[in-house]
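Structure assessment
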Amino acid sequence: MNESRPLSTVLVQYPRATAAWRAALAATWSIARRDRFALTGLIIYAVFLVVALAAPLVAPYPPQELTYLSNGDVDANAPMSRTHLLGTTNLGRDIFSQLLYGARAALMVGITAALGVVILGTLVGLVSGYYGGWVDTAIMRLADVAFGIPFLPMAIVLVAFLGPSIWNVVLVMTLLLWRDTGRVIRSQVLTLRERAYVEAARLLGASHFRIMFVHIAPNVLPLSFLYGSLAIGWAILTEASISFLGFGDPNVISWGSMLQDAYNSQALARQAFNWFVPPGITIMLTVMAGFFISRGYEELLFPRMRRR
Amino acid sequence: MPLLDVEGLSVEYRTTQGSVQAVRGVSLSVEAGGSLGLVGESGCGKSTLARALIRVLPRNARITGGAVRLEGTDLLSLTEEEMNQYRWRKIAVVPQAAMDSLDPVHRVGNQMVETLRLRGGLTAVAARARAERLFQLVGLESRRLEHYPHEFSGGMKQRAVIAMALALDPSLLIADEPVTALDVIVQRQVLATLRQLRAELTLSLILITHDISVVAHLCQDVAVMYAGRVVERGTVRRVFAAPQHPYTMGLRNAFPSLRLHQMRLVPIEGYPPDLVAPPRGCAFAPRCPFVIAKCWDEDPPLVATESGHMAACHRANEAAVLSAGAPEAFARLERLAEEGPIRATGSGGLR
Amino acid sequence: MTRLLFIASRLGQTLLVLWVVATLLFLIFRLMPGNPLVAYIDPNFTQEMQQALLRQFGLDKPLYVQYFVYLGNLARGEFGRSFFTREPVSKAIWDVLPNTIMLTLSALVLAYLVGIVQGALLAARRGTRVEALGIPMVLATRAAPEFWVGMLALALFSFHFNWFPSSGATSPGSVYPSMWAKFFSLDFLRHLTLPALTLALYLQGLPTLLMRNTMLEVMDEDFVTFCRMRGLPERTIILRHAARNALLPVVTAFALGVGYSIGGDVIIETVFSWPGLGRLLVRAVSAKDYPVAQGAFVILAAIMVFMNLAADLLYGLLDPRVSHERK
């Protein structure tokens, strides 16, 4: 009664493919209902998603537009007020509007990069674990190399090479971060492919493709989700860092680029806390939301940690 | 006054499936210098009972009732700090997991010295000397004190843990399956050591085991546990010569007996009940070959029987007759179980 | 014997990673659009002058020749000369590397000391309010962007209270007889404080959570139960037994941490204008000063992979059971 249930026994309860896909999704829901942290995370994401979608409707000003005082001067460095909830930048742009638009960049980068990382990582893990042999060896050596590359410096160099665009940031993250997901999925696949029902499918003449995607993939899905929820946070953080270092997309307002703008415009010396505090908080919240959700997954997958 | 007097002790585990009633109102006592064997299948609550006596339970376990009186003091009413004074000075335990009970990153001797200094108040030099004597006492060379646990064999670790348990001259030693993890030869050595120690030191012993021959070898008294309860208790001689409870009879048949030269061992068919929802009647009823209607409805209390010990069975007064037929009755159940799944564990199967 | 083999194979793997990184860098920088010297060449230069420059930097040869020259140079620790300052890249790196090491090590040591204590505390107080509040707080420090925390620190402690300088490693114009004299000067320490604390605040999250998790596992082990049965004081159980056993993975993570945090130094060094390797890299990439960027990157990568290697080997040394089979 006291021993933990290993991941494998949790997963083997859903051997049927369609049921398994549904179960993996249902699991997400049950995590949210059971775990206070995970629920908080999901709510944060939901709020930012609404903000991102509704930004053009809710934002009082276009984010890049200069605002003017009644006397015709640029309304620069305005403090927080009713007309400018968070004040204005040194060029008279409305900070609150920028913050709302920043949610778009953050979620776009976060979600696409997480998808990229998880899809690539899961595919690599499936192929590596399922085929084994030299395919596995080659892929795992490649993962070793990816682990040996300093992530942020490489991201900077690659973005500088590919050109400043948030899609390049996404691409770079996908290329560099698949390694963690890939490794974990692979080790899970290694045990799954020895299962009786996989063996049965093979004897019945199922193709490799079918075995991998219908019989094995659904069982590693919760793990993929776990790494996906973490990857969203990392991606947002990385985009912010790259933007802050000045390698971001100049045409996109992101929380990172807002902070870079503030930093370069002496906002620190001017003590313009209304400018550089809010974007940091929003970044922190979205990243934490990812952590919280992944914690929920961990407790589902490794219930041992749950017991107090 | 007995050294240890346990009355109505109950322990439960909180699990995701509900609370498991691992120990359900156990009463027993040990006289000063006495020795009690606690026998039963794994999962019957005997290890939980042992850990409850020294109040070191798993995090999800809780003592829900009863009293544990040691020389008249109820240990359950003490604060944690007060209880710490009783641990090891009065009660010491050789845990079931003795193999893994030594800290792998410290030398065995240092762990011994730590206990002697922190709990026994000895100086470093005195503790060292005592550690060496204790090692000699259990048959280990004193140079072994310098070794790490991973350099010890299984039997040596067991001895080291026994030495550790004797460090502060406890009045009561609780040994939980002290020989189970060992091979037969080492088992015999460790048992001999325990027997010798009992003779040399005036030590009371509670010996927990699923192996009744070990009890017969080392103990004066025995308590048989089933599903969190004591179902029979008395002197070893009486209980094994004239068992009053069908479970005890079954246990006797299931083990290579010491005195009765039985040709064939008969297992007890079936499994203990689920203790999340303990049965209303006798917990042994589903596996009992002598079950009667009353057994399903009424849980028999532990009462004194004619033969001078205690048992919890509605048919204890017929024990002599039943006992004679027990091997055959259990064997019949075994055959039935082999033939097919006709035996339900509920009330339907055997009436 | 197997141990030697293990070390050899790990070393081979490490060198392989370095070679791949070096090759990637070569390709990236050579394939970048535009003339690599575009930033350097004055539009008024004649064709001949441009050719002369290309020759001077070895850029007139075929790509594969350039590649082998590059690899050969790397092997000898030669990174070429900066397009801008014309200084040898190795000198530029050597000038700032000690600053980076000082910053990283001081922050890491602080982070791990604090993290180990915090983790042990969180584990010892499990199920209490300390845990309920502590864990989200630790997660928050991991989620907050380092550069933002640095900005807050600068705005408050440098610009508002004026306690610490806002940039650099030493005050302008200060001269020290030696590197060590500089490192132990009050001026340097004052400059170091904010970046090191900011970095440490970020870094302590990992050892804290790692320590807590391993502690929780260790505290369920039988030898801890046995300690409790012996009535040892809680403090002894937590510190001498549980924490001592939980320390192994954390110490290993320290070595890994050196590698990873050096990679992340680009951020902290930029915020605090700390003259280190990360800032050198960022500026070189911005300015398209490829030789410097390449050199700085290769050194970063080398530190990282060798620290990973060190972590692997360290684990073997620290565990008294290493040569024995444990069940």
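Residues numbered from 1 in each chain as written. Chains lettered and ligands numbered in written order. Predicted model: local features only at pLDDT ≥ 70, side-chain atom pairs only at ≥ 80, totals over all residues.

What chain A contains, in helices and strands, is 11 helices and 0 strands. Across chain A, helices and strands are ordered from the amino to the carboxyl terminus as α-α-α-α-α-α-α-α-α-α-α. By residue count, 52% of the 308 residues in chain A fall in the buried class. Long-range contacts, defined here as pairs at least 24 residues apart, represent 74% of the contacts in chain A between residues at least 6 apart. (Helix = DSSP H or I, 4+ residues; strand = E, 2+ residues; numbered from the N terminus. Buried ≥ 20, exposed ≤ 12 C-beta atoms within 10 Å, placed from the backbone. Contact = placed C-beta atoms within 7 Å.)

The partner chain C presents 36 residues to the 34 residues of chain A that form the contact. Breaking the side of chain A that touches chain C down by element, the ones donating at least two residues are helix H5 (133-148), helix H6 (151-162), helix H9 (208-244), helix H10 (255-264) and helix H11 (273-301) of chain A. Across the side of chain A that touches chain C, the residue classes tally to 26 nonpolar, 6 polar and 2 charged. (Nonpolar A, V, L, I, M, F, W, Y, C, P; charged D, E, K, R; others polar.)

Quick look at the nonpolar core now. With 286 residues, the main nonpolar core has Ile-156 and Ala-231 of chain A together with Leu-281 and Ala-296 of chain C as its most contacted residues. A total of 20 residues in this core trace back to one element, the largest contributor, which is H9 of chain A. When neighbours within four sequence positions are excluded, Ala-231 of chain A is seen to be in contact with Ala-113, Ala-114, Val-117, Val-118 and Leu-177 of chain A. (Core = buried A, V, L, I, M, F, W, Y, C linked by C-beta atoms within 7 Å.)

With that settled, consider the sheet that holds strand S9 (residues 221-226) of chain B. Residue and element names in this part refer to chain B. With respect to topology, 8 strands assemble into an open sheet ordered S6-S7-S8-S3-S9-S10-S12-S11, the strand pairing being mixed. With one partner strand each, in any of the chains shown, strand S6 (91-94) and strand S11 (303-304) form the two edges of the open sheet. Here S6 runs beside strand S7 (residues 172-176); their pairing, made up of 4 bridges, is parallel. For Val-94, the partnering residue across the bridge sits in S7 and is Ala-175. Of the strands in this sheet, S6 and S7 are in contact with helix H5 (residues 154-165), which crosses S6 at around 175°. (Pairing = 2+ DSSP bridges. Axes fitted to C-alpha atoms, helices over the stretch in contact; angles between N-to-C directions.)

At Glu-71 of chain B, a residue that is not glycine, the phi angle is positive and equals roughly 45°. One can find Glu-71 of chain B in the loop between strand S4 (61-70) and strand S5 (73-74). In the Ramachandran plot, Lys-288 of chain C falls in the positive-phi region, its phi being about 55° despite a non-glycine side chain. Looking at the element boundaries, Lys-288 of chain C is found in the loop between helix H12 (277-286) and helix H13 (290-318).

Moving on: the environment of Ala-302 of chain C. Residue and element names in this part refer to chain C. Mapped onto the secondary structure, Ala-302 falls in helix H13. Overall, the presence of 20 C-beta atoms within 10 Å leaves Ala-302 in the buried class. Sequence separation between Ala-302 and Leu-209 is 93 residues; the distance between their C-alpha atoms is 27 Å.

Before going further, it helps to spend a moment on the confidence of the model for chain A. Residues and elements named next belong to chain A. This prediction gives chain A a mean pLDDT of 79; 87% of its residues lie at or above 70. Taken element by element, the predicted model of chain A shows its lowest mean pLDDT in helix H1 (residues 7-12) (41) and its highest in helix H4 (residues 95-131) (89). Residue range residues 304-308 is modelled with pLDDT below 50. Its contacts to residues more than four positions away, or to other chains, number 8 contacts. (pLDDT = per-residue confidence, 0-100.)

Now for the environment of Arg-240 of chain C. Examined against the element boundaries, Arg-240 of chain C turns out to sit in helix H11 (residues 234-271). For the pair Arg-240 of chain C and Leu-113 of chain C, spaced 127 residues apart in sequence, the C-alpha separation works out to 16 Å.

All names here are of chain C. Their axes nearest at 11 Å, the elements helix H10 (residues 222-229) and H11 cross at an angle of 155°. Classified by the angle their axes make, H10 and H11 are roughly antiparallel. The hand of the H10/H11 crossing is right-handed. Along the contact surface, H10 presents Phe-223, Val-224, Cys-227 and Arg-228, while H11 presents Ile-237, His-241 and Ala-242. Within the contact of H10 with H11, the residues separate by chemical class into 5 nonpolar, 1 polar and 1 charged. (Parallel < 35°, antiparallel > 145°, perpendicular 65-115°, else oblique. Left-handed = near helix turned anticlockwise from the far one by under 90°.)

So, on to the pairing of strand S3 (residues 35-39) of chain B. Residue and element names in this part refer to chain B. Of all 5 residues in S3, 5 are buried; the element is thus mostly enclosed. The alternating pattern of S3 places Ser-35, Gly-37 and Val-39 on one face and Leu-36 and Leu-38 on the opposite face, and all of these are buried. Here S3 runs beside strand S8 (residues 204-209); their pairing, made up of 5 bridges, is parallel. What sits directly across from Leu-38, in S8, is Ile-208. Pairing between S3 and S9: 4 bridges, direction parallel. From the neighbouring strand, Leu-36 faces S9, where its bridge partner is Asp-221.

Attention now goes to the sheet that holds strand S2 (residues 18-30) of chain B. Residue and element names in this part refer to chain B. Strand order in this open sheet of 4 strands is S2-S1-S4-S5, and the pairing throughout is antiparallel. Each end of this open sheet is capped by a strand with a single partner; those strands are S2 and S5. Of the pairings in the sheet, the one linking strand S1 (residues 4-15) to S4 comprises 8 bridges and is antiparallel in character. Following the sheet pairing, Val-11 is matched in S4 by Ile-63.

Residues and elements named next belong to chain C. Of all residues in chain C, 90% have pLDDT values of 70 or greater, and the mean over the chain is 82. Mean pLDDT per element in chain C: helix H2 (residues 47-56) is the minimum at 72, and H10 is the maximum at 92. Confidence over residues 322-327 falls short of pLDDT 50; this stretch has 4 contacts with residues more than four positions distant or in other chains. Across the assembled chains, the prediction reports ipTM 0.85 with pTM 0.78.

Along the polypeptide, Val-117 of chain C turns up in helix H4 (residues 89-124). Linking Val-117 of chain C and Ala-243 of chain C, residues 126 residues apart in sequence, is a C-alpha distance of 9.1 Å.

Before going further, it helps to spend a moment on the packing of H6 of chain A against helix H7 (residues 166-192) of chain A. All names here are of chain A. For the pair H6 and H7, interaxial distance at closest approach is 9 Å and the crossing angle is 135°. The orientation of H6 relative to H7 falls into the category oblique. For the crossing formed where H6 meets H7, the hand is right-handed. For the pair H6 and H7, the contacting residues are Phe-151, Met-154, Ala-155, Leu-158, Val-159 and Leu-162 in the first and Asn-168, Val-169, Val-172 and Leu-176 in the second. Taken together, the residues of the contact of H6 with H7 sort by class into 9 nonpolar, 1 polar and no charged.

Once that is clear, we can look at the pairing of S4 of chain B. All names here are of chain B. Of the pairings in the sheet, the one linking S4 to S5 comprises 2 bridges and is antiparallel in character. Counterpart to Leu-70 in the pairing with S5 is Thr-73. Here S4 folds back onto S5 in antiparallel fashion, the turn holding 2 residues, of which Glu-71 has a positive phi close to 45°.

Residue and element names in this part refer to chain C. Most of H12 sits out of view: 8 of its 10 residues are buried. Those residues of H12 lying buried are Leu-277, Gly-278, Arg-279, Leu-280, Leu-281, Val-282, Ala-284 and Val-285. Phi turns positive, to about 55°, at Lys-288, one or two residues after H12.

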